[in-house]
Amino acid sequence: MAVALPKNFSEVRQHLQEPLIRNSFFIMASSFVAAGFGFFFWMIAARLYSQVDVGIATALMSSMGLLILISRLGLDQSVIRFFPQRDKNKVLGTAIIVPTAVALGAGVIFVAAVDVIAPELVIVRTVAPLYLAFLGAYSITWVLEGALNAIRKSEYYFVLNLLYGSRILFLFPLVFLGAMGIFSSFGLSFVLGLILALALLSRCSIRPAAGVDRVFIREAWQFSAGAYIAGILMSAPNMVIPIMVLNVLGAESTANYYITYAIVSILFMIPYAFTTSLFVEGSHGGEMKKSVLRTLASMFALLIPAIIGLALFGEQILSLIGKDYVEGITLLRVLALSAVFVSICQTFISIAKVRNDIRSLIIISGFVSVALLGLGYTLMHQFGLIGMGYAWFATYAAGTLLTGVILWKKGWITSS
């Protein structure tokens, strides 16, 4: 099935109004906005607060992010997958209550055992109620964001990310609190986001039900568990690689990797946006093959020029950060090229979610996680930091071949 490209302005406008493309652009814009606000937040925080305060606040937020990650149980993905077929209020209520209860329970354990788990964060005991309140707000808004995308209202998701920028404003009046001023600025933005997200969903006649829908839990548990495991596997390398680089190559190489990856991750926002929108559209029963072809065509129309631009001007971008980081230009170019294969693998993951093919979802996620960490560790010993770049490229290139084999064997390439 061929997908015709827009030939004039009228066709371009019609193309952009299609839910798949429109939502992709709003999700992508949200990612760019979040990245921009994040940059300015830390730039201003570094000027207003001491380095010690920034370090403690960063660790506090990282701990909260880790608790959120392990508490999702895949129900945030189930919201997108099952919203079109089930009672939205019950699905949303369940997806809020269960993970948030798990997050708060894990938060209580963390606070109680902080002197063993992370002694440098013992301050969390003196602000435990505030920490748990912000943790709860963060957990709920995470689910509500997915719900906004699930109902094809990604423009609301964009508005929500604009509101999160308010955390920058809170930095100024809360400076007297030190590290807790930074942390509170972060948490308060999620409290405001929670209020706004509930109001926006209410405009769409969606209000989370108060109870847990046990029938939905029983029916969705296999998909939720598979999506949860796959999400953990895909996230693991991003958490482990900086530690691995530190142990193998030292602090300077770790800084080079972190900065280079942070720049290239802007490219990865493009496939994330389009494949998330593909997942939403597929869950709504859209013609999958047509949606996949449109996703790939639109995604690469943006991604290829971005890769070329980053390859050509990456050295200048790195030099703006610092002369010491320019030596990471080769790593940057290899990582940028790997974005082509990352896009294909992420597209496959969305297809597998729509098809409820949990086995294939875990196979590709497990392969990427194990291969990236194993190859990265091996190749860094042989080639230095660029070895991690080679690992990224080789892992996702092989992952692309693996997805092709799976698609062919299942007959998805020839089916509609």
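Since we're looking at a predicted model, the values are computed, not measured.

Cut-off values and rules
- Residue positions are counted from 1 within each chain, in the order its sequence is given.
- Local features in a predicted model are, by the rule used here, given only for residues with pLDDT of at least 70; side-chain atom pairs are given and counted only at 80 or more, and totals for whole chains, interfaces and linings are based on all residues.
- Hydrogens and water are ignored here; the side-chain numbers use all heavy atoms of the structure.
- Helix and strand definitions here come from DSSP, where helices need a minimum of 4 consecutive H or I residues and strands a minimum of 2 consecutive E residues; each element is numbered from the N-terminal end.
- Restricting the calculation to C-alpha atoms gives the radius of gyration, and the globule rule supplies 2.2 Å times the number of residues raised to the power 0.38.
- Think of it in three bands: residues with accessible area under 20% of the maximum for their type are buried, residues over 50% are exposed, and the middle band is partly exposed, with areas taken using a 1.4 Å probe on protein chains only.
- Should any heavy atoms of two residues lie within 4.5 Å, those residues are counted as being in contact.
- Note that accessible areas follow from Shrake-Rupley with a 1.4 Å probe, and for residues the cover is restricted to the protein chains shown.
- We treat Lys and Arg as the positive residues and Asp and Glu as the negative residues; His and chain ends play no part in the count.
- The atoms used to mark charge sites are NZ of Lys, CZ of Arg, CG of Asp and CD of Glu.
- Working convention: axes come from line fits to C-alpha atoms, limited for helices to the stretch in contact. Angles between N-to-C directions cover 0 to 180 degrees.
- Reported orientations rely on four angle classes, namely roughly parallel under 35 degrees, roughly antiparallel over 145, roughly perpendicular from 65 to 115, and oblique for the rest.
- By the definition used in this description, the sense in which the near helix is turned from the far one sets the handedness, with an anticlockwise turn below a right angle giving left-handed and a clockwise turn giving right-handed.
- Think of a salt bridge as a Lys or Arg side-chain nitrogen and an Asp or Glu carboxyl oxygen that are within 4 Å of each other.

## Here we look at the overall build of the chain
Stage number 1. Within the chain, the secondary structure is distributed over 16 helices and 0 strands.
Stage number 2. Rg of the C-alpha trace for the chain: 22 Å, near the compact-globule value of 22 Å for 416 residues, within the 12% margin.
Stage number 3. Dimensions along the principal axes, computed over C-alpha positions, put the chain at roughly 60 × 55 × 40 Å.
Stage number 4. The buried share among the 416 residues of the chain stands at 50%.
Stage number 5. Sequence separation of at least 24 residues holds for 81% of the intrachain contacts in the chain that already meet a minimum separation of 6.
Stage number 6. Accessible area for the chain stands at about 18700 Å²; split by element, carbon and sulfur atoms hold 67% of it.
Stage number 7. Placing the 27 positive and 18 negative side-chain charges of the chain at their respective mean positions leaves the two points 10 Å apart.

## Considerations on the packing of helix α2 (residues 19-48) against helix α12 (residues 251-283)
Any two packed helices are characterised by how steeply their axes cross, that is the angle between the axes, and by the distance between the axes.
Stage number 1. Viewed as axis vectors pointing N to C, α2 and α12 meet at an angle of 140°, and their least axial separation amounts to 8 Å. With respect to each other, α2 and α12 are oriented oblique. At the point where α2 passes α12, the crossing takes the right-handed sense. Every residue of α12 that contacts α2 at Pro19, Leu20, Ile21, Asn23, Ser24, Phe25, Ile27, Met28, Ser31, Phe32 and Ala35 is listed here: Ile266, Met269, Ile270, Tyr272, Ala273, Phe274, Thr276, Ser277, Leu278 and Glu281.

## Here's the deal with the environment of Ser63
Stage number 1. By the element assignment, Ser63 lies in helix α3 (residues 51-71).
Stage number 2. Overall, the relative accessible area of 12% leaves Ser63 in the buried class.
Stage number 3. Distance in space between the C-alpha atoms of Ser63 and Phe110 is 8.8 Å, their sequence separation being 47 residues.
Stage number 4. Not counting residues within four places of it along the chain, the set of residues in contact with Ser63 comprises Phe110 and Tyr131.

## Some details on the pattern of salt bridges
Stage number 1. Evaluation of the coordinates by the stated rule reveals 6 salt bridges.
Stage number 2. The residue Asp213 makes a salt bridge to Arg86 at a minimum N-O spacing of 3.7 Å. Of the two residues, Asp213 is situated in the loop between α10 (179-203) and α11 (214-249) and Arg86 in the loop between α4 (75-82) and α5 (88-112); the sequence distance between them amounts to 127 residues.
Stage number 3. Of the residues examined, Asp213 reaches a relative accessible area of 13% and is grouped as buried.
Stage number 4. A salt bridge links Arg125 to Asp115; its shortest N-O distance comes to 3.3 Å. Remark: Asp115 occurs in helix α6 (residues 114-117) and Arg125 occurs in the loop between α6 and α7 (128-150); sequence separation between them is 10 residues.
Stage number 5. Judged by its relative accessible area of 38%, Arg125 is partly exposed.
Stage number 6. Bridged by salt links that share partners, the residues Arg22, Lys153 and Glu155 form one connected network.

## A word on the packing of α4 against α12
Stage number 1. Where α4 contacts α12, the two axes come as close as 7 Å, and the packing angle between them is 50°. Viewed along their axes, α4 and α12 adopt a mutual orientation that is oblique. Along its contact with α4, which presents Gln77, Ile80 and Arg81, the element α12 presents Phe279, Val280 and Ser283.

Purely geometric numbers; function is a separate question.
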